[in-house]
Amino acid sequence: MTPTDMKQPDTDTGNLTDGFHLIIDALKLNDINTIYNVPGIPITDLGRLAQGAGMRVLSFRHEQHAGYAASIAGYLTKKPGICLTVSAPGFLNGLTALANATTNCFPMILISGSSEREIVDLQQGDYEEMDQLAIAKPLCKAAYRVLHAEDIGIGVARAIRAAVSGRPGGVYLDLPANLMGQVMDAVEGEKTLVKVIDPAPASIPAPDAVDRALDVLKKAERPLIILGKGAAYAQADDVVKAFVEKSGIPYLPMSMAKGLLPDTHPQSAAAARSLVLKEADVVMMVGARLNWLLSHGKGKTWGDKGSKKFIQVDIEATEMDSNVEIAAPLVGDVGAVLDAMMKAMGDDWSKPAEGWLNAVGEKKQTNLEKMAGRLKSNAVPMDYHGALGCLREVINDHPDTILVNEGANTLDFARSIIDIHRPRHRLDVGTWGVMGIGMGTAIAAAVETGQPVLAVEGDSAFGFSGMEIETICRYNLPVCVVVFNNNGIYRGVDVNPTGGPDVAPTVFVKDARYDQMMAAFGGVGVYATTPDELNRAVREAIASGKPTLVNAIIDEAAGTESGRIGNLNPQSVVTKK
Ligand code: ADP
Ligand code: TPW
Ligand code: MG
């Protein structure tokens, strides 16, 4: 007896349902209404039927970008984003995004069709044969396979809860081809569906942990708050702002936490980053990890003194002490923890000493003034400051625009130059510094929020997902892509030391016409050589909402190796004769 035979209903007079419909019903029952996918055997009909059932089904040109889209949808909505792929190669293409989601603590579910278990397990060479469950497991938070139609409800429920509860992450759900066609009685089928109650249960800090943290904070002479993308994810925006303001403590936003409080906030210490990291004596981490992006909480960046005390707010207990000793761990949800902290602070909380605030304020002032001059650069070809100076003004005038950003120099300069004014309005390469998130992220940002999206992309970074501009045009999304075209990775000026015919490994075709790619799909393509042209093109794109790509010509010698993280490049010291 095959599993399909086993699942035949007793009666052929009643209404029937099948695996396809049960999957769709299970997702819809849990308010999941969008699928990011690439069709093919065995999931083509799943996409069709989902669209027929009123879900939004967006098809991509490559699964990796559907996956990045799903993960950012999860980050923006706190509901798991769904990426749907075919078996083996499609699954593997989606897997990079699943691993990236897990690393970044974004909730997503990768649903992949798979081949017949009986054939896969005996390695008999099925169509797209692969033991996908085993491969996914080490790269995600949880991985499940559903073999029987009556287990679909439970399988989807487990996947949803695993993705969003505690520390969010990526979940893999394996759906073998023959599950889709399994038939059962419709009424019985409906009874198997599970509506997940309270998928991300509140996580409240213990009162003694709050007191301990407050003790440490009270004794601080030079306190600093670091806000990370976990704080942005928590969507406790009012509480975060109220806490920062009540405390009076300077804060540093990590890249994707920019805008949680507007970057123009007087307490922002972003423009005095080096100073505050070096000089602070107590650092309160809020939904941010002490990983490579913060030099692991030690070393020169942190002043080498070894006397700093850390308070850390995180939903994941095992994050504590991962790099340095945490004097006051606060395990819980950002909103609940900061709320409890504020209550315990009472009405007579004294703000940090003037000396510290003035030192930060003066450094900030000096650095901002230094930058202001450069942002007016009218150099042609454009330098990073001239081009980003005008994009900064565009975002100031259109603060609802969501900024997507990747590249090396393009990323590092844009991060420090473009102010963000709203929570979750800057989406970028995240914890891995991965290239290729651009178009998938831009698509999901537009789809999930309806806001205009500005994607500021290095020319190399853009290339990883460039074909998805067809997807942007197909769905007519309000996305404006600006390609910072410096003819290469970091710079376009490297030469082949042998004098041979190949160009250097970091160099691209000179003066590539990325704008014509967009025009090929019916979007607006603009070639911009001056800040003025760039400025006009982007403002027009935002006003019209039409898919637009601006090819911004940047001085090919302006960038530096690896942008601001060149120090991480190992370099050969051996000179071979
Ligand atoms: P960043 O790169 O901005 O520094 P990270 O991704 O390194 O941020 O850190 C985010 C942290 O936020 C993770 O350790 C994660 O466990 C935590 N986190 C995610 N959601 C919440 C939440 N709702 N409350 C508290 N912590 C959270
Ligand atoms: C998936 C390595 C880091 S930054 C970068 C690469 C290839 C491109 C930098 O050039 P770009 O920006 O985008 O033109 P700019 O302004 O400096 O010229 N593969 C992956 N991820 C990473 N991070 C890399 C390779 C890399
Ligand atoms: Mg480049």
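As shown above, the structure is provided for reference.
Note that the coordinates shown come from a computational prediction; the quantities given were computed from them, not determined experimentally. (Residues numbered from 1 in each chain as written. Chains lettered and ligands numbered in written order. Predicted model: local features only at pLDDT ≥ 70, side-chain atom pairs only at ≥ 80, totals over all residues. Heavy atoms only, no water.)

## Describing the nonpolar core
Formed by 130 residues in total, the largest nonpolar core has its most connected members in Tyr 36, Met 284 and Met 341. Residues within four places of Tyr 36 in sequence aside, it is in contact with Leu 58, Phe 60, Ala 66, Ala 69, Ala 70, Ala 73, Ile 82, Cys 83, Leu 84, Ala 444, Val 447 and Glu 448. (Core = buried A, V, L, I, M, F, W, Y, C linked by side-chain atoms within 4.5 Å. Buried < 20%, exposed > 50% of the residue type's maximum accessible area, 1.4 Å probe, protein only. Contact = heavy atoms within 4.5 Å.)

## Some remarks on empty space enclosed by the protein
Per the counting criterion, the structure on display carries two cavities of 30 Å³ or more. Quantified by volume, the largest cavity comes out at close to 60 Å³. Lining the largest cavity are Tyr 68, Ser 71, Ile 72, Asn 100, Asn 104, Phe 106, Asp 428, Val 429, Gly 430, Ile 437 and Thr 441. Elements with a contribution of two residues or more to the lining of the largest cavity: helix 4 (63-77) and helix 5 (88-104). Here the lining of the largest cavity is built from residues that sort into five nonpolar, five polar and one charged. Of the residues that make up the lining of the largest cavity, three or more belong to each of domain 1 (3-191) and domain 3 (376-566). Put simply, the second largest cavity is a space of about 30 Å³. Surrounding the second largest cavity, Ile 23, Ile 24, Leu 27, Ile 35, Leu 46, Ile 82, Leu 84 and Ile 111 form its lining. Partitioning the lining of the second largest cavity into residue classes produces eight nonpolar, no polar and no charged. (1 Å grid on protein atoms, 1.4 Å probe; cavity = no way out; pocket = protein on both sides within 12 Å on 5 of 7 lines; lining within 4 Å. Points joined across faces, edges and corners; volume = space filled by probe spheres on them. Helix = DSSP H or I, 4+ residues; strand = E, 2+ residues; numbered from the N terminus. Nonpolar A, V, L, I, M, F, W, Y, C, P; charged D, E, K, R; others polar. Domains from an automatic or database assignment.)

## Some words on the site of ligand 2
Every one of the 17 residues lining ligand 2 counts as a neighbour, but Tyr 384, Asn 409, Thr 410, Gly 433 and Asp 459 are closest to it. The separation between an oxygen atom of ligand 2 and a polar main-chain atom of Ala 408 is 3.2 Å. Measuring from an oxygen atom of ligand 2, one finds a backbone N or O atom of Ala 461 at 2.9 Å. The protein chains hide 76% of the 590 Å² of surface that ligand 2 would expose on its own. Mapped onto the shell around ligand 2, the elements with two or more residues apiece are helix 18 (409-417) and helix 20 (459-465). With four residues, helix 20 is the single largest residue contributor to the shell around ligand 2. Of the residues assigned to the shell around ligand 2, the class counts are eight nonpolar, eight polar and one charged. (Near = heavy atom within 4 Å. Polar contact = N/O pair within 3.5 Å; in protein donor to acceptor, adjacent residues only side chain to side chain. Areas by Shrake-Rupley, 256 points an atom, 1.4 Å probe, with all protein chains shown as cover.)

Remember that the coordinates give geometry; whether it matters functionally is a separate question.
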